[in-house]
Each structure stands twice: as C-alpha cells, then as structure tokens.
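A closer look at the structure
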Amino acid sequence: MIGAMACVVRRDLALALRRKGDAANTLVFFVIVVSLFPLGVGPERALLQSMAPGILWVAALLSALLSLARLFEPDYADGTLEQMALSVEPLTVLMIGKILAHWLLTGVPLTLLAPVLALQFDLHADAIAVLCAGLLIGTAALSFVGAVGAALTLGLRGGGVLSALLVLPLFIPVLIFGSGAVVAVESGLDATAHLQLLAAFLLVSVVIAPWAAASAVRLALD
Amino acid sequence: MKVELSALTTSPQVKQVNNAASERIHWFWFASPQTFYPLAGRMVPWFVWLAVLLCIAGTYVGFFIAPTDAQQGDAYRIIFLHVPAAWMSMFLYVVMAFWAGVGLVFNTRLSSMLATAIAPTGAIFTFLALWTGSLWGKPTWGTWWVWDARLTSELILLFLYFGFMALQAAIDDPRRADRAGAILALVGVINVPIIYFSVVWWNTLHQGASISMKSAPTMAMTMLLGMLLMALAFWMYSLATILSRVRSIILEREWHTQWCKEEIRRAS
C-alpha cells in the first residue's frame, strides 16, 4: 500500500517536473497577489506590517485554491483516474499519494518563498520562522481539504468557481490559526497553541479528506 | 397479505421470519416516494395551520406581553425573530447532513430528496438571522455589522448552504447530485463546530470581548415564552415548506412512473 502511494507521488512529481511552468505559475500568482496589497492600501510601513500575516495567508490560500484544478482534472481527462479506481490498491491510499504530491508541488514551494515576501513587509525573524512553520502545516491541510472540493466538482461545468465556493469556507480555520500564530509572535505571545491547533486540523483532515475525495472520485467516474 | 401467509405456514421459525419481515416493511413503508407523497400531502396543511397559530401567539407575546427592556428599549423585540431563526439555521444544517448521510449509506432516494428540500429553508433562516441581526445591531451597537464571532460563523454557515445548493444545481444526474451533496454536507457538518470555535477564538484574539450577548440581563419569563413560541412556529413552518418542497421534488424526479402521471393528471 505504501509502495503504491509512493509510486503515485513519484509519478505526479515526475509529470510536474516535465511541465515546470504549471507549478511555477502558482508561485508567480502568490507573489503577484501579495504585491497587490501594498498598491491597494498604500505604502505605510506600520499598517503593512500589521497586515502582513493576513495578506500572506490569504494569498497562500488563493494559490492553493487555484492549483486545485490541476489535482485531478488531467488524470480524469486521460483516464488515469479510472485506472486508479480499478486498481487493487485502495483508492483512498492513492488519493493520499496524489494529495501529498500536490502539497510537495504547491505548499512546500510557497513555504520556501514566503520568507522573502515576509521581509518585504518587514516582519521579525521570529515571526517569519512561525509563518513558515504554520505554512508548512497549513498548506498540507489545504491540500487535503481542497482535494474534496476538487474531486466533487470533477467534470462539472464551471468546476473552478464551484470548487472555490465549496472549499473556501472550509479553509477558514486554517487561515485563522495560521495568521493567528504570526500575530501572536508579533505581539510577543507564544504561538505554540496556534501551531498545535493547525496540526490538529491537519490530522482531522488527513483522516476524513482522503475518504471523501475517493468517494467523490468514484462518483464522478460512474 | 403477509399476515395471511404467516398464518398458513406451520413452522414457528418461518412465522417469526415473516413477522420480522412484515415489521420491517412497516418501518420502511413511507421510505418510498410513492407512499410518502400522499402522507406529506396530508401533513402539510396541519403544519401550516400550526405555524400560523403559533406565529400569532408568539408575536402577541413578543409585542404586547413581554416587558420593554431596560437597556435596549423596544428595539430588542426583534429577538423574537432573530434567535429562533438562528436556532433553526444551525439545526436544519445538521438535519440536512443527517438525511444526506442516510441517503448515502442506505441508498434511499427519499432521504436525499429531503436533504435537497431542507437546504433552501435552512439558507433562508440563515439569511433571516443575519438580516434581523444587522437590523438589531444598528440601534443597539450603532453599526449594521460587527465582526462578532456569532455573526461571522452565521455568515460562514450561509456560505456552506450556498455551496451545497450550488453543487447540487451544477450536477445534472440527480443521483450523482444526491451523493455529491451528501459527501459535502458530511464534511461540512464535521467542520461546523471547528469553524465556530476557531471564529470564537479569532474574535477574542483580535477584538477582546467588546460586544457580547452573554452580558445581557437575565431574560424575563415572558420573553423566553415568546421566543419558544416563535421557535415552534418556525419549526412548523420548516416542516410545512420542506414537505411541500419534497413533494415537488418527488413529482419532478418520478414523473415517468405511472402513479406520478396519474397524480399530475388529477391535479391538472
């Protein structure tokens, strides 16, 4: 089972590396959204510093959302998903593999890019460390929860907007705890509780989301 | 028919099995759209009348018997609409998820139809709770909207209802729509408490307890009575609308069956 999961991860990573543009576009989108905010609210340093956690997290949320379209859609179009559903390995496990690959392709690069953007907003080193820790956990949760929305809207007209409508309300706890952690550090408090809650949310979604995504994929293939 | 058969058989074991079978048939008798349709039709007028009577009673208690609030004056009287609507909005989401889950597990069409029928009523109550909340907020807090934990989580609940309805509307095949909606509703119902507590915490973190309904003075008995009457009225209204909506959904989906054709012919 673990072998099959690792195989799916390797396959998705190999496919993404052959078309580097797709993964890179998500990161470029992240940078652009973040740099739109100073243009919108003005270059005042104190204001931007206090808004930075929220801005970075909302941008990460939107980038994760945009990349969801690539999670199942190509495999659905060329029939790979159907073969996965037919395979002897449980579809839930293969889903975990696909979600992990999605996280490695979007969540991890976002986390690596975030410190540079955080410096533009003049965040402290402690806050940046907590931001990265939060993003690393939080983007994984976003990938898991988002997979449910992506699977439910597979092959539907207007799937992209619809999956945003389904998934964004479910993303709210991640946003609250993620940016809350950074705000806590900025105001001199301990961020451990926020990060632990974020991890708890991730664990709950690891339990539920693969099952829900697998059922939704089977539904789309019927 | 079943009773006759079991009376004819001599073996007590067979008798027992038949009895069990006939009991099971009774239990699931109304799970079929064909038998539920007339039952719902008979129940709707009762719930409508109960809703009207309870609404009149609740409004009377709310406007004429309940005392004027010392701090908020008469503005507080919107509570008789606001609080029951908020109760119903949350309760109906759980009921919707329950029936959607039953439909997913037992593959019963009627349960899924019920879930589909509940969603618009739930969304209306959520909207009503938000609307009356902001009408109440203007005279008491001086603003239409505050990012209070309750208001925010109610707004998110409205988004969840919209998501459910949008997903079902986007899928043409009704059985796929049922199952997809069920998966979403189940994931949503697990998330509702998480969202609620995260929003409460977010609120205390950012705002401090500036405005809280918990600090309101203890309620007079008549106020509570008015609220309970209105809650019951909303309950009856929900039952009436949901049952008549489920009747329409049954006709819409089962129109090709003989009994539906007869029903439609009789009605037109």
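Residues numbered from 1 in each chain as written. Chains lettered and ligands numbered in written order. Predicted model: local features only at pLDDT ≥ 70, side-chain atom pairs only at ≥ 80, totals over all residues. Heavy atoms only, no water.

1. Points about the environment of Val187 of chain B
Counting through the fold element by element, Val187 of chain B comes out in helix H7 (residues 174–207). If we ignore the near neighbours within four places in the chain, the residues touching Val187 of chain B are Val148, Leu170, Ile208 and Ala212 of chain A. (Helix = DSSP H or I, 4+ residues; strand = E, 2+ residues; numbered from the N terminus. Contact = heavy atoms within 4.5 Å.)

2. Some points on the interface of chain B and chain A
Facing the 28 residues of chain B at the interface are 28 residues of chain A. Of the roughly 2,500 Å² buried between chain B and chain A on both sides combined, carbon and sulfur atoms contribute 82%. The largest contributions to the chain B side of the interface with chain A come from Arg176, Ile183 and Trp201 of chain B, which together make up 25% of the buried area. Taken together, chain B and chain A are joined by zero salt bridges. Viewed at the interface, chain A and chain B are joined by one residue pair in polar contact (both at pLDDT 80 or more). Contributions of two or more residues to the side of chain B that touches chain A are made by helix H6 (149–170) and H7 of chain B. (Buried area = accessible area lost by both parts, 1.4 Å probe. Salt bridge = Lys/Arg side-chain N within 4 Å of Asp/Glu carboxyl O. Polar contact = N/O pair within 3.5 Å; in protein donor to acceptor, adjacent residues only side chain to side chain.)

3. Describing a nonpolar patch on the surface
Residue and element names in this part refer to chain A. Nonpolar side chains collect at one region of the surface, where Val28, Ile32, Leu36 and Leu39 lie side by side and expose about 410 Å² of accessible area between them. Assignment of secondary structure puts Val28 in helix H2 (residues 20–41). Residue Val28 is classed as partly exposed on the basis of its relative accessible area, which comes to 45%. (Patch = residues over 30% accessible without salt bridge, like charges linked within 9 Å, V, L, I, M, F, W, Y side chains within 5 Å. Areas by Shrake-Rupley, 256 points an atom, 1.4 Å probe, with all protein chains shown as cover. Buried < 20%, exposed > 50% of the residue type's maximum accessible area, 1.4 Å probe, protein only.)

4. Structural notes on the packing of helix H5 (residues 109–141) of chain B against H6 of chain B
Residues and elements named next belong to chain B. Orientation of H5 relative to H6, taken along the N-to-C sense of each, is 155 degrees, at an axis distance of 9 Å. The angle between H5 and H6 falls in the class roughly antiparallel. The way H5 lies across H6 gives a crossing that is left-handed. Contacts from Ala115, Thr116, Ala119, Pro120, Gly122, Ala123, Thr126, Phe127, Ala129, Leu130 and Trp141 in H5 reach Leu151, Glu154, Leu155, Leu157, Leu158, Tyr161, Phe164, Met165 and Gln168 in H6. Residues belonging to the contact of H5 with H6 are distributed by class as follows: 15 nonpolar, four polar and one charged. (Axes fitted to C-alpha atoms, helices over the stretch in contact; angles between N-to-C directions. Parallel < 35°, antiparallel > 145°, perpendicular 65-115°, else oblique. Left-handed = near helix turned anticlockwise from the far one by under 90°. Nonpolar A, V, L, I, M, F, W, Y, C, P; charged D, E, K, R; others polar.)

5. Digging into the confidence of the model for chain A
On average, residues of chain A carry a pLDDT of 90, and 100% of them reach 70 or more. Within chain A, no element has a lower average pLDDT than helix H8 (residues 159–186) of chain A, which sits at 88, and none a higher one than helix H7 (residues 125–152) of chain A, at 93. (pLDDT = per-residue confidence, 0-100.)

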